[in-house]
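# Reading the structure
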Amino acid sequence: MLKEILKILENDARTTTKQIATMTGLPGTEVARQIKQAEKDRTIIKYKAIVNWQKVENEQVSALIEVKITPQREVGFDSIAERIYRFPQTRTVYLLSGTYDLLVLVVGKTMHEVADFVSQKLAPIEGVQGTVSHFVLKRYKEDDEIIEGKEEKVKRQPVIL
Amino acid sequence: MSTNPKAHSQKYHISQRANQISPSGIRRFFDLLASMEGVISLGVGEPDYATPWHIREAAIYSLEKGQTMYTSNLGMPELRQELSRHIKNKYNLEYDPGSELLITVGVSEALDLAMRAILDPGDEVIMPDPAYVAYSPSVVLSGGNPIMVPTTEENNFELGAADIEARITRRTKAILIGYPANPTGAVMSRDKLAEIAKVAQRHQLLVISDEIYAALVYGVEHTCVAALPGMKDSTILLGGFSKAYAMTGWRIGYAAAPKEIIAAMTKIHQYTIMCASTMAQVAAIEALKAGDDSVAEMIADYDRRRLVMVKGLRNIGLSCFEPEGAFYAFPSIKGTGMPSDEFAEKLLKEERVAVVPGSAFGEYGEGYVRCCYATSLADIEEALARMKRFVSRHQKD
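Basis of the calculations
- Residues numbered from 1 in each chain as written.
- Chains lettered and ligands numbered in written order.
- Predicted model: local features only at pLDDT ≥ 70, side-chain atom pairs only at ≥ 80, totals over all residues.
- Heavy atoms only, no water.
- Helix = DSSP H or I, 4+ residues; strand = E, 2+ residues; numbered from the N terminus.
- Rg over C-alpha atoms; globule rule 2.2 N^0.38 Å.
- Buried < 20%, exposed > 50% of the residue type's maximum accessible area, 1.4 Å probe, protein only.
- Contact = heavy atoms within 4.5 Å.
- Lys, Arg positive; Asp, Glu negative; His and termini not counted.
- Charge placed at Lys NZ, Arg CZ, Asp CG, Glu CD.
- Patch = residues over 30% accessible without salt bridge, like charges linked within 9 Å, V, L, I, M, F, W, Y side chains within 5 Å.
- Areas by Shrake-Rupley, 256 points an atom, 1.4 Å probe, with all protein chains shown as cover.
- Salt bridge = Lys/Arg side-chain N within 4 Å of Asp/Glu carboxyl O.
- Axes fitted to C-alpha atoms, helices over the stretch in contact; angles between N-to-C directions.
- Left-handed = near helix turned anticlockwise from the far one by under 90°.
- Nonpolar A, V, L, I, M, F, W, Y, C, P; charged D, E, K, R; others polar.
- Domains from an automatic or database assignment.
- Buried area = accessible area lost by both parts, 1.4 Å probe.
- Polar contact = N/O pair within 3.5 Å; in protein donor to acceptor, adjacent residues only side chain to side chain.
- Core = buried A, V, L, I, M, F, W, Y, C linked by side-chain atoms within 4.5 Å.
- Pairing = 2+ DSSP bridges.
- Arc of directions from axis to C-beta.

### Considering the overall build of chain A
Summing up its helical and strand segments, chain A has 5 helices and 6 strands in all. Traced from its N-terminal end to its C-terminal end, chain A shows the element sequence α-α-α-β-α-β-β-α-β-β-β. The C-alpha radius of gyration of chain A comes to 21 Å, more than 25% above the 15 Å expected for a compact globule of 161 residues. Projected onto the principal axes, the alpha-carbon positions of chain A cover approximately 65 × 40 × 30 Å. Counting across all 161 residues of chain A, residues that qualify as buried make up 29%. Summarising the internal contacts of chain A: among those between residues at least 6 apart in sequence, 59% fall at separations of at least 24. Chain A carries 25 positive and 23 negative side-chain charges, and their two centres are separated by 5 Å.

Below is the structure:
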């Protein structure tokens, strides 16, 4: 049942305990307990809104940075990854298979700011062999939600027997 | 423009057969609805999803390739093969794709073909009341007589075998059932269906089973009539893609039946329709091949909303039968003392919520309204809040 609760919350984090109780047939107290436990053990990390910043004239620039690194003895990629993800400018950090090792999403106010961060903070880290920056031009879809694109709402007939 | 159908028939000599069936009984309600803004509709009998993208994409690709020609009258061989495999997987029933399956323009066409293929003037078809609005007219248009069997909330809106048997005459040709049911959301248990099957076999009647909602059951199993022992030879199984795969607008369905019946239905189909639309057939192939995951997701979501709807209706104080299939709740509104059409009209005028009066589905739908929960959770909750105000204002207790 935890899975079902998580699915409902992942789809809409504002679904109330009471609503979830109705949808799952569990008592409200049990739903509340399971959510609390999930929050405690970080099964649920956080509740956030998906914002389309383009709508509020809050210009921000994001870039995906490919980072090639030399793994270090005993700690592998983890310690370098940690040095990188501790920077608040990095929003997402993944270790990947393939031609480079880390993929880092960096967000800043201007292209300059992002470029500075990459050249002055990211690239000089010991073990980083090289970086390739890709600036984001348009966000079509993020976290399962369409950001820039066609809304799929078509008007239905009001009554169909 | 005159709205009196009689006047039209005199001027244009509309056939007796066409005059025999009435237009939807709630015309006035539709007109009222069309003139209003800000209405939350629980009256829509279709999924609120667009067709899953992979299905749409397959159809688009077929158009790009130029797959725009007629198909065989029976439907594309690949679709019939996939369908045969699908039915075999689900019910362990074998239908020969070459002679026992016919692809139609929705279940609606399949139902019409079935009636036209088996009925002679005066033949009787026994069916439940309340039931989907097309059942009775489809019999009438084929010259037959629909014989209604009341089903009630007390009996979970299941059709009783004894009630059927009591209405069998020497003119009875078939029993028409449709479970999971529109408008009640009722599902027939295997045992009850088996009793009906026995009656059909005893009296050598056909069972025409509209199983368009077969995929949409919640926590219970759907039983296919044709899969009951010995029933394949006396069942016309009707199914489609509209509800399960959210493909209502594609108009694509099928009939599975003994080859003599399919042959007769195909004759009528080839002269009236030729073949179901090619694009829709391609989409249906993709749905059968790769649609299971999308269907499972939609079912899980309907189920959540079903529970919210039913609990909400009960909290309002309306007694609500537990619907186990389709996407309808069918609460009783008898406590308000209003007939269902008046309830629906007043609810629309006073609170701007559209529900369908049960009387639209037959005499025994009176006292109920159909509420579809295939709409957003937010809309369901707002509609319930409005209905609560309305019912507490009108409750006669």
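### What about a negative patch on the surface?
A cluster of acidic side chains, namely A:Glu10, A:Asp143, A:Asp144, A:Glu145, B:Asp292, B:Asp293 and B:Glu297, defines a negative patch on the protein surface. For B:Asp292, the position within the fold is in helix 12 (residues 292-316). Owing to a relative accessible area of 51%, B:Asp292 belongs among the exposed residues under this scheme.

### Some details on the packing of helix 13 (residues 340-351) of chain B against helix 14 (residues 377-394) of chain B
All names here are of chain B. Where helix 13 meets helix 14, the closest approach of the two axes is 10 Å, and the angle between their N-to-C directions is 120°. The handedness of the crossing between helix 13 and helix 14 is right-handed. Here Phe343, Lys346, Leu347, Glu350 and Glu351 of helix 13 come into contact with helix 14, specifically with Arg386, Met387, Arg389, Phe390, Val391, Arg393 and His394. Here the contact of helix 13 with helix 14 is composed, by residue class, of 5 nonpolar, 1 polar and 6 charged.

### Here's the deal with the domain arrangement of chain B
Interface size is commonly expressed as the accessible area that is lost once the parts come together. Residue and element names in this part refer to chain B. Each assigned domain of chain B is listed here: domain 1 (23-50 + 294-394) and domain 2 (53-290). For domain 1 and domain 2, the distance between their C-alpha centres works out to 26 Å. With 33 residues of domain 1 in contact, the opposing surface of domain 2 contributes 32 residues. Summed over both partners, the interface of domain 1 with domain 2 buries about 2,600 Å², with 62% contributed by carbon and sulfur atoms. Scanning the region where domain 1 abuts domain 2 turns up 0 salt bridges. Mapped onto the side of domain 1 that touches domain 2, the elements with two or more residues apiece are helix 12 and strand 9 (328-329). Within the side of domain 1 that touches domain 2, the residues separate by chemical class into 20 nonpolar, 7 polar and 6 charged.

### Structural notes on the side chain of A:Gln19
Within the element layout of this structure, A:Gln19 appears in helix 2 (residues 17-24). Only 2.8 Å separates the side chain of A:Gln19 from the backbone nitrogen of A:Thr16, close enough to count as a polar contact. If we skip the residues at most four places from it in the chain, A:Gln19 touches A:Arg14 and B:Glu381.

### Points about the nonpolar core
All names here are of chain B. Core analysis: the biggest nonpolar cluster contains 119 residues, and Ile236, Phe241, Val355 and Met387 have the highest contact counts within it. The element that contributes the greatest number of residues to this core is helix 12, accounting for 9 residues. With near-sequence residues (within four places) excluded, Met387 lies in contact with Leu42, Leu313, Ile316, Leu318, Leu347, Val353, Val355 and Cys371. Listed in part, the 26 residues of the second largest apolar core include Ile196, Ala197, Phe330 and Tyr368.

### Points about the environment of B:Lys232
All names here are of chain B. Inspection of the secondary structure assignment puts Lys232 in the loop between strand 6 (206-210) and strand 7 (235-240). On the basis of relative accessible area, Lys232 is assigned to the partly exposed category, the value being 21%. Expressed as a C-alpha distance, the spacing of Lys232 and Ser142, which sit 90 residues apart in the sequence, is 24 Å. In this structure, Lys232 is in contact with Leu93, Glu94, Tyr95, Glu100, Ala226 and Pro258, ignoring residues within four places of it in sequence. A distance of 2.6 Å separates a polar atom in the side chain of Lys232 from the backbone oxygen of Glu94.

### Comments concerning the sheet that holds strand 8 (residues 253-256) of chain B
Residues and elements named next belong to chain B. In space, the 7 strands of this open sheet follow the order 2-8-7-6-5-3-4, with mixed pairing throughout. If you trace the sheet from one side to the other, it starts and ends with strand 2 (101-104) and strand 4 (145-150), each paired once. In this sheet, neighbouring strand axes are inclined to one another by 20° on average, regardless of whether the strands run parallel or antiparallel. As judged from the 4 bridges shared by strand 5 (residues 172-177) and strand 6, these two strands associate in the parallel manner. Residue pairing for strand 6: Ala174 is matched across the bridge by Leu206. Contacts between helix 10 (residues 259-272) and the sheet are confined to strand 2, strand 6, strand 7 and strand 8, with strand 2 contributing the most and set at about 30° to the helix.

### So, the side chain of B:Thr235
All names here are of chain B. Summarising the element assignment, Thr235 is placed in strand 7. Separated by 2.7 Å, the side chain of Thr235 and the backbone oxygen of Met231 make a polar contact. In contact with Thr235, other than residues within four places in its own chain, are Leu206, Val207, Ser209, Val225, Ala226, Ala256, Ala257 and Pro258.

### A look at helix 4 (residues 78-85) of chain A
All names here are of chain A. Where helix 4 is concerned, the buried positions are Ile80, Ala81 and Ile84. Summarising the axial view, the buried residues of helix 4 lie within an arc of 100°, below the 170-degree limit, and thus occupy one face. The outward face of helix 4, more than 90 degrees from its buried face, is lined by the exposed residues Asp78 and Arg83. The secondary structure elements touched by the buried residues of helix 4 are strand 1 (61-69), strand 2 (90-95), strand 3 (102-108), helix 5 (111-122) and strand 4 (128-135).

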